[in-house]
Amino acid sequence: MKRLIASVIAVAALIFAGVAGDVYSQKPASGQRVGATLAAVPVSLSLPLKDGSVKFLVIGDTGTGSNKQKELADLLLRYHGAFPFEFALMMGDNLYGSEKATDYKNKFEDVYRSLLDQKVKFYATLGNHDESNQRFYEHFNMNGEEYYNFKKGGVSFYCLNSNYMDKKQVKWMEDKLAQDTSEWKIAYFHHPPYSSGGKHGSDTELREVVEPIFVKHGVNVVLAGHEHFYERVKPQKGIYYFISGAGGKLRPGDVKDRSPLTEKAYDADMSFMLVEIVKDQMHFQVISRKGETVDAGVLPNQRKKTSAAAK
Amino acid sequence: MPIRSASAIGATLTLCLTLALPASTPAQTTAAQSQSAQPVLSAKDKQTVAAFDKRVKEYVKMRERVEKKMPKLSKDATPEQIEAHKTTFQERMMAARAGAKHGQIFKPDIASFIRATLKDEFKGRDRAELRETVFEAETQGVPVRVNFAYPANKEAVEMPPTLLLRLPQLPKQLRYRFVGRNMLLVDRENGLIVDYMTDALP
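On a predicted model such as this, the values are computed, not experimentally measured, just so you know.

Sorry, what's going on with the side chain of Ser156(A) here?
You can see Ser156(A) is positioned in strand 5 (residues 155–159). Those residues in contact with Ser156(A) that lie beyond four places of it in its chain are Phe150(A), Lys151(A), Asp180(A), Ser182(A), Trp184(A), Lys185(A) and Ile186(A).

If you want it as structure tokens, here you go:
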């Protein structure tokens, strides 16, 4: 009850401080699916572009080598000109089909050559279509590991292997998270613990194991792929969940209508997600292959908020 | 740009109420239980698992002997180096295990133990989705044969974490993998099927 009262007080404080309006109030109204894509539009950035912020790309299920993947990559490059993200998180299924040397080139290197030339670092996670040997690939920056962590500014990133969440990995994750005092903790892996997808849906088995650990150790954000669409899930147990799995494939119309999980979803075209973390705020913008901004907003660091409420 | 609106306030309330959830939730309890829900093994089962572990370790030792004679793959390898390493590793392991037969690692006793574990894990309506995932995966055409390569262009079915926590743990070089109702033991680097057991899934 005390927690509830504290939260209500916190809400009132946020509203009057003018912060509340920045949360979950994007157009179109939350809970609705964005409609058909618009014609090509110029680069339109809604991120703050602050000096010293942590700027990155989130893109998933890319590895087809298709023309559409390349079209999206071309648009991505244009956005990189306006929003110079330093690195990219890949949500898995980095290489569909065979994984010969030519596949690495056709499905990744050639597609993102310009970004690689501009020293954008890609940090990959493994999907169900990826071989473990990808962890040795120079441009995936996995350092020979199927799961790993790294830090950028005040943000800790945890790349997990959701294909094979065994005891060793669970222990590694718990140990690392327990020692981590970063302001932001972001976990990313292929299979989404929450999803409104018709084909796959929520990975409840995975969720059963990882979510309590995330909650216990203050993970702020979880990013996933696997589903070939974009979805921002309503916060679950205080954690922000996103799916960005339409970087190379699309499953049109797969998001279930009126899903209670959906805060915002987009399954009409391929998409990528740009993120900028500025102190206690995480800004995000999701852009479709045709240049339409299909979701955007600002999320507060919920862990700091609960601390403030508790005081 | 964001707008301040009634829906925004409502959403914020929702967020804060979400954050106001008690520290211990049912999901936490479930996971904690599942992580600690290691079945109490009988003396016979312990013996069975220990013997299985020993056979697995013997495979790993043999594999290490083969791998040591190969150039080490760096942590920033090129695609050509990755492909060459996998191909060479496959060829050498296939030669080294030329006489390997089905059931040498998954002997009948451990196969029965695993079947029972899977049966328990897969029972109930809540596991229907899990079965669906396994059976709908794009694994048609995978050769269920010892010392054959798991095709790179075939999907690897995600191993349910709650199940992995209950199965005998494997060294990092090996993986359990489902293909239909069969369970395979696959080498994660060279992609070879080390052994398999049929009718693993109920």
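Would you mind going over helix 6 (residues 204–216) of chain A with me for this structure?
It helps to recall that an α-helix has 3.6 residues per turn; residues three or four apart then point in one direction. Residues and elements named next belong to chain A. Over its 13 residues, helix 6 extends 18 Å from the first C-alpha to the last, a length consistent with the 18 Å expected when each residue adds 1.5 Å. Restricting attention to buried positions, one finds in helix 6 the residues Glu 205, Leu 206, Glu 208, Val 209, Val 210, Glu 211, Pro 212, Ile 213 and Phe 214. Among the residues trailing helix 6, Gly 218 stands out with phi positive, at a value near 70°.

How should I be thinking about a positive patch on the surface in this particular structure?
On the surface, a cluster of positive charge is made up of Lys57(B), Lys61(B), Arg65(B), Lys69(B) and Arg92(B). Summarising the element assignment, Lys61(B) is placed in helix 3 (residues 43–68).

Even after reading the chapter, I still don't get the pattern of salt bridges, so can you show me in this structure?
Opposite charge on two side chains permits pairing when their charged atoms draw close. Residue and element names in this part refer to chain A. The tally for this structure, following the rule as stated, stands at 25 salt bridges over all chains. One salt bridge in this structure joins Glu 71 and Arg 289, with 2.5 Å as the shortest N-O distance. Taken together, the residues span a long stretch of sequence, with Glu 71 in helix 2 (residues 67–82) and Arg 289 in the loop between strand 12 (281–288) and strand 13 (293–300) at a distance of 218 residues. The partly exposed category is assigned to Glu 71, whose relative accessible area is 39%.

Help me understand the sheet that holds strand 1 (residues 174–179) of chain B, please; the structure alone is not making it clear to me.
Adjacent strands of a sheet form backbone hydrogen bonds with each other and so pair up, either parallel or antiparallel. All names here are of chain B. If you walk across this open sheet you meet the 3 strands as 1-2-3, and the pairing is antiparallel. Looking along the sheet, the strands with just one partner apiece sit at the ends: strand 1 and strand 3 (193–197). Shown here is a sheet whose adjacent strand axes are inclined to one another by a mean of 25°, direction ignored. By the bridge criterion, 4 bridges tie strand 2 (residues 182–187) to strand 3 in an arrangement that is antiparallel. Bridged to Met 183 within strand 3 is Met 197.

Just to check I follow, could you spell out the packing of helix 3 of chain B against helix 5 (residues 108–122) of chain B for this structure?
Relative orientation and spacing of two packed helices are given, respectively, by the angle between their axes and the distance between those axes. Residue and element names in this part refer to chain B. Running from amino to carboxyl end, helix 3 crosses helix 5 at an angle of 115°, the nearest separation of the two axes being 9 Å. When the axes of helix 3 and helix 5 are compared, the pair comes out roughly perpendicular. You can see that helix 3 and helix 5 cross each other, and the crossing is left-handed. On the side of helix 3, the interface is formed by Asp 45, Thr 48, Val 49, Phe 52 and Arg 55, while helix 5 contributes Asp 109, Ile 110 and Phe 113. Residues of the contact of helix 3 with helix 5, tallied by class, amount to 4 nonpolar, 1 polar and 3 charged.

For this particular structure, what's the right way to read unusual backbone geometry?
For residues other than glycine, phi is negative in most cases, and the peptide bonds are mostly trans. Despite not being glycine, His226(A) has its phi angle at roughly 75°, a positive value. Even without glycine at this site, Asp199(B) takes up a positive phi of about 50°. In this fold, Asp199(B) is placed in the segment after strand 3. Since its relative accessible area comes to 43%, Asp199(B) is described here as partly exposed.

Calculation rules
Residues numbered from 1 in each chain as written. Chains lettered and ligands numbered in written order. Predicted model: local features only at pLDDT ≥ 70, side-chain atom pairs only at ≥ 80, totals over all residues. Heavy atoms only, no water. Helix = DSSP H or I, 4+ residues; strand = E, 2+ residues; numbered from the N terminus. Contact = heavy atoms within 4.5 Å. Expected span 1.5 Å × (residues − 1). Buried < 20%, exposed > 50% of the residue type's maximum accessible area, 1.4 Å probe, protein only. Patch = residues over 30% accessible without salt bridge, like charges linked within 9 Å, V, L, I, M, F, W, Y side chains within 5 Å. Areas by Shrake-Rupley, 256 points an atom, 1.4 Å probe, with all protein chains shown as cover. Salt bridge = Lys/Arg side-chain N within 4 Å of Asp/Glu carboxyl O. Lys, Arg positive; Asp, Glu negative; His and termini not counted. Charge placed at Lys NZ, Arg CZ, Asp CG, Glu CD. Pairing = 2+ DSSP bridges. Axes fitted to C-alpha atoms, helices over the stretch in contact; angles between N-to-C directions. Parallel < 35°, antiparallel > 145°, perpendicular 65-115°, else oblique. Left-handed = near helix turned anticlockwise from the far one by under 90°. Nonpolar A, V, L, I, M, F, W, Y, C, P; charged D, E, K, R; others polar.

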